[in-house]
Amino acid sequence: MASVRFTVTPTKAEDLPGLSDTSPDISSRSSGRVRFGSRESVHRTDTLSEASGGLTAGSTPAGGAGGCETPDSSTAEQADSKISSVYINNSHMVDDDDFYDRNLALFEEEMDTRPKVSSLLSRLVNYTNLTQGAKEHEEAESIGEKRKASKSPQMGTLMGVYLPCLQNIFGVILFLRLSWVVGSAGVLQGLCIVSICCCCTMLTAISMSAIATNGVVPAGGSYFMISRSLGPEFGGAVGLCFYLGTTFAGAMYILGAIEILLMYIAPRAAIFVSSRPDGEGAAMLNNMRLYGSLCLLLMALLVFVGVKYVNKLASIFLAAVVVSILSIYVGALVSAFSPPSFPVCMLGNRTINGHALHGERCAKTVVLPPKAPDWIQDGNSTLSENITLVTTSGPDPDRDPDPDRDPGPVEQTTSLWQQFCEGSLLNASCDDYFTRSSFSQIEGIPGLASGVITENLWSAYLSKGAVLEKSSLPSPPAAPATNQRPYVFADISTSFTLLVGIFFPSVTGIMAGSNRSGDLKDAQRSIPIGTILAILTTSLVYLSSVVLFGACINGVVLRDKFGDSVRGNLVVGTLAWPSPWVIVIGSFFSTCGAGLQSLTGAPRLLQAIAKDNIIPFLRVFGHGKANGEPTWALLLTALIAELGILIASLDLVAPILSMFFLMCYLFVNLACALQTLLRTPNWRPRFSYYHWSLSFLGMTICLALMFISSWYYAIVAMVIAGMIYKYIEYHGAEKEWGDGIRGLSLSAARYALLRLEEGPPHTKNWRPQLLVLLKLDEDAHVKAPRLLTFASQLKAGKGLTIVGTVIPGNFLHSYGEALAAEQTLKHLMEQQRVKGFVQCIVAQKPRDGISHMIQSSGLGGMKHNTVVMGWPHAWRQSEDPQSWKTFINTVRVTTAAHLALLVPKNISLFPGNSEPCAEGYIDVWWIVHDGGMLMLLPFLLRQHKVWRKCGMRIFTVAQMEDNSIQMKKDLATFLYHLRIQADVEVVEMHDSDISAYTYERTLMMEQRSQMLRQMRLSKSDREREAQLVKDRNSTLRLTSIGSDDDDEPDGGERPAPGLAARNERASCGERAASCEQKRRVQMTWTKEKSMQYRATHSGCSTPEGFRDMLSIRPDHSNVRRMHTAVKLNEVIVNKSHDARLVLLNMPGPPRNTDGDENYMEFLEVLTEGLERVLLVRGGGSEVITIYS
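A brief look at the structure comes next. Throughout this description, residue numbers start from 1 for each chain and increase along the sequence as written. With pLDDT at 70 or above as the cut-off, local features in this predicted model cover only qualifying residues; side-chain atom pairs require 80 or more to be listed or tallied, and sums for whole chains, interfaces and linings still use all residues. The basis for every side-chain value is the complete set of non-hydrogen atoms in the structure, without hydrogens or water.

## Remarks on the overall build of the protein chain
Selection criterion: Comment: elements are numbered from the N terminus, with helices defined as DSSP H or I runs of at least four residues and strands as E runs of at least two. The classification of residues rests on relative accessible area computed with a 1.4 Å probe and restricted to protein chains. Under 20% of the type maximum is buried, over 50% is exposed, and intermediate values are partly exposed. In what follows, residue pairs with any heavy atoms lying within 4.5 Å of each other are defined as contacts. In this description, accessible areas are obtained by the Shrake-Rupley approach with a 1.4 Å probe, and a residue is regarded as covered only by the protein chains that are shown.
Across its full length, the protein chain carries 36 helices and 19 strands. Among the 1188 residues that make up the protein chain, the fraction classed as buried is 48%. The contacts of the protein chain with a sequence gap of at least 6 include a subset with a gap of at least 24, amounting to 80%. For the protein chain, the accessible surface area stands at approximately 59,600 Å², while carbon and sulfur atoms represent 57% of it.

## Describing the packing of helix α4 (residues 157-169) against helix α14 (residues 523-552)
Put simply, the rule reads: Every axis in this analysis is a line fitted to C-alpha atoms, fitted for helices over the stretch in contact. Angles between the N-to-C directions lie between 0 and 180 degrees. A clockwise turn of the near helix away from the far one marks a right-handed crossing, whereas an anticlockwise turn of less than a right angle marks a left-handed crossing. Each residue is assigned to one class: nonpolar for Ala, Val, Leu, Ile, Met, Phe, Trp, Tyr, Cys and Pro, charged for Asp, Glu, Lys and Arg, and polar for all the others, Gly among them.
Between α4 and α14, the least distance of the axes is 8 Å, while the angle of their chain directions is 35°. Relative to α14, α4 is oriented so that their crossing is right-handed. Where α4 approaches α14, its residues Thr157, Val161, Tyr162, Cys165, Leu166 and Ile169 are matched on the opposing element by Arg525, Ser526, Ile527, Ile529, Gly530, Thr531, Leu533, Ala534, Thr537, Thr538 and Tyr542. Looking at the contact of α4 with α14 residue by residue, the class counts come to ten nonpolar, six polar and one charged.

## Points about the packing of helix α6 (residues 178-212) against α14
Spelled out, the test is: Note on angle classes: values under 35 degrees are labelled roughly parallel, values over 145 roughly antiparallel, values of 65 to 115 roughly perpendicular, and the remainder oblique.
At a minimum axis separation of 9 Å, α6 and α14 run at an interaxial angle of 175°. On the basis of the axis angle, α6 is roughly antiparallel to α14. Taken together, the residues of the contact of α6 with α14 sort by class into 20 nonpolar, ten polar and no charged.

## Brief notes about the state of the cysteines
Test applied: Two cysteine sulfur atoms form a disulfide, by the criterion used here, when they sit within 2.5 Å.
Inspection of every chain in the model, using the stated rule, returns two disulfides. The disulfide that involves Cys345 links it to Cys362, with 1.8 Å between the sulfurs. Judged by the sign of its S-S torsion, about 65°, the bond between Cys345 and Cys362 is right-handed. Remark: Cys362 occurs in the loop between β5 (350-351) and β6 (365-368) and Cys345 occurs in strand β4 (residues 343-347); sequence separation between them is 17 residues. On the accessibility criterion, Cys362 (11% relative accessible area) is buried.

## As for unusual backbone geometry
A cis amide bond, omega 10°, links Trp577 with the succeeding residue Pro578. With respect to the helices and strands, Pro578 occurs in the loop between α16 (571-575) and α17 (580-611). Within the chain, Arg567 stands out as a residue other than glycine whose phi angle is a positive 60°. When you line up the elements, Arg567 lands in the loop between α15 (555-558) and α16. Look at Arg567 and you get partly exposed, because its relative accessible area is 44%.

## Regarding the sheet that holds strand β9 (residues 439-443)
Strand pairing in a sheet relies on backbone hydrogen bonds, with the paired strands running either antiparallel or parallel. This is how the line gets drawn: Here, strands pair whenever DSSP counts at least two bridges between them.
With respect to topology, three strands assemble into an open sheet ordered β5-β4-β9, the strand pairing being antiparallel. Each edge of the open sheet is held by one strand with a lone partner, namely β5 and β9. Pairing of β4 with β5, which is carried by two bridges, proceeds in the antiparallel orientation. Each residue of the ladder has a partner; that of Leu347, found in β5, is Arg350.

## Structural notes on the packing of aromatic side chains
Inclusion rule: In summary, the pairing rule links any two rings of Phe, Tyr or Trp, Trp by its six-membered ring, whose centres are within 6.5 Å, and it sorts them by plane angle into stacked for under 30 degrees, edge-to-face for over 60 and tilted for everything else.
Scanning the entire structure with this criterion turns up 25 aromatic pairs. Aromatic side chains Phe420 and Phe439 sit 6.4 Å apart centroid to centroid with 70° between the ring planes, which places their arrangement in the edge-to-face category. Taken together, the residues Phe420 in helix α10 (residues 415-420) and Phe439 in strand β9 connect sequence positions 19 residues apart. Accessibility expressed as a relative area gives 1% for Phe420, which makes it buried. What makes Phe439 buried here is its relative accessible area of 13%. Plain terms: the ring middles of Trp925 and Phe955 are 4.5 Å apart, the flat faces sit at 10° to each other, and that makes the pair stacked.

As structure tokens, then:
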């Protein structure tokens, strides 16, 4: 067994070739290199000095001495080192340590893009959470910016997640509105409301825990999770909704704090006071606006000065919340033995406002003792401004001469009498209900053992302006009360849905832990545990509070929102122990702290969205102070919060932020469900207690709560999110975050493609799926951009569009050109608003590239069925036949592939998308039937605004033996069944002799073709001879002349083999043996054949050749074809010279390739004199049907 030697060499990070100096995670850290060697292999170990800190440890075979190295083994090591130099070619004389380990030498050329595993692991281990906003996280390694060493996060589950969630969940609703919710909805429906809201947040927390534990979450919180799971569009829309919800939450907390201040702490601080009862509400709203704006300004200044002060105050605020909640529980237990005294005055079964008593008894009159005070005179005197004494038997000087006799009992009217009657006298006219009812007092807090919960089980919803009544007390029938009487009235109409919207903000705040993910020691463990425990705790507190409120507090007091029946005390405070001020002060500090937290978190959320650069107009809010504080975002947050404060009503602001939070929670559940169902390979959350059905249930509850609480607010929130989504989609920066929506699109596309593979599309579903062939010039500019414009008009945004081009060259060398061409085409498609795909192919020959593109474009059932290509411009003047030969070859390829072909001629004259045709016709010349393409294309074009006002005319050709009248009727009936509006005309073409013009035109065509062919041949000969003279000393070059590899790009004529052989012999003089071998390979013709070939194909260079050309007689088939083209052109020009567009059947190319040039001439003659022509060639299948 050979001994294995481990050599550890400490090496600086900058010495490693695979790690650049800009790698922030390892630039200041040294790493060790481990090399594994064997004594049986040829290797070399560098001598390590003590100064370098090298350590060498050797192991010997069993039975030998271990732990140290013997001199023999050291000698053997040096010998191996010398031997290794024989086998290693170190030509640069560089030490081996400058290269990678010899075990990785096979990969050393790829180390710049594929680093060693050790390097990768070192970067991952030193990962640190970044500041909020994921842009830095994604770009830090690629940009390599230097980051200051930051302290590692140390916050655990309790301080980092649990307590912040508690502080954010417990808020103003618990202290100001929960008792009112219980009183209006009853204990049973109150438990239902709390349970629904808590279930919604619990299911959302489960989904959020799965997402948060699926990899490292930088400090971006819920926005980061949603955007990276659902994509930038959904992420931006929901992120902004979450931001707006957090901002309005800050406004709600501030309004709650001001309500506590003005209602319960300092009522005399109100600036606006109304002397009329019906104006008190408006005055209170103005006070809320004024004090709310001042409070918002102070909080914004505190956040601007420094967040550290907010964080220091957070613990104080949280302690106030905990103390307040504990005082409620203690007070509820104490009430079972000694309930607090908060009497409520009742008139019949109606509740009297405690402020109207002015400290007096709840009664109509008060009977004083028989002995009246000395200062009473004439039996009628005023005790005070509120009590009037009426003597039942007083001194009367006229009847009783003894004025010193003691008066009898005195009955006094109270202040309540004066508020229900027209005067203070007992015989004054009073309210009917007041006269028939009597006053009574009930205990506002009967206590836990009173059994009042039986009365509070059921709902008691009120309409606005209704009096709070206790149904168990007797009451005479009476008319509805007016607000002129001192009753307690309902300020708003209540219902189950309204209470859901008002209560839901009290369960929000579950994202507080995930928002602090950058400060957590182990976020993947702390976020699920802390968040779920916080929700369980708060849910238990809310549910128990509903039961305690219903069991301890009277129903009329519960329904009294502002505590007017208990003389302006906070309803929850009446239950607290030892004093209501514990709740008042605690709730005030709680709401102030929650408002500060909202004003701190919302600007950072907006900054994270702005830094992601997905919404261009928000970029300015990504900047801030030097320490990263979001100054501009704080300013915008304060302005939006001011809008909420101007609403001035807690009950109106709460449903608004409920919508935004519910939408955020909905998309968190959607993200988890999508990732689970799609089974994305990267979906491996550590939190395993989740299921897609739970996420869907949470999503359904969120959606239901949105419409239950306020359907119009739900629609507004969805419209806002939809507008942001479309804005990001069309104008925002493109991001690729591997989101779930992209995975869903891929899954849906795969499913649809597999369904399309089941069979060919039905005729009713056929629409042109276009492959548009564009040509680029030398500067990578599109030569005919109007071709894409025409395609966009034909498609109108529907179906498949593939824009393709062919780059001549070698793919290995032209890959960059292909990418540039692809970007050019994408930019052009954006300009023309064409939705589709781009495909660039690099090929040696454009013909072959186009053929490959036609064969391979598309996927499955989503393949093109129509090819659009331009007409070869100025093909007659071109000396190179490449363009028109490529055109004809493409026509043949599309025909062989059974594809339709559209060739717009004079494409530069076609109208643009901003040039609608005012009047005119689209003329269709239906000469042969090839599937109905000629009928369908004008209909599709007229769907676009450019061609919408154009009429449609259909012409067909009748021969002598046809019945033109019957043809017109049949065509009109056919169009009627096709539901196409068009004028019909049948053109009769009589048989006629071939005209002299046709004959001469054919003759000129053939003579021109022959002349050009000879001119191209002579030019090719001259070029080849010059090249041979230039390279006569290069035997390699001579070998390539005439070989298959030197084929011309588009199938031009080959040079005469005899010429190549003769030049080869002339240039080989002194190397006869080598040249003789090449002649045996290349010279396949004899000298006589070579001379004969030159005489046949070079006739144009002699006068005899020209005379032979002039004596050519035209081919009979060409004459007949030219005759047809001329006659048809005459008829078409006569009928359609003023048409906006002419659609015409495109004849097929000849089967014999020798007549290709003549085919181009026939098409030119056929379309001569027409401004805009669209040549149409069907694919051989029916594309239109008369059936539904």
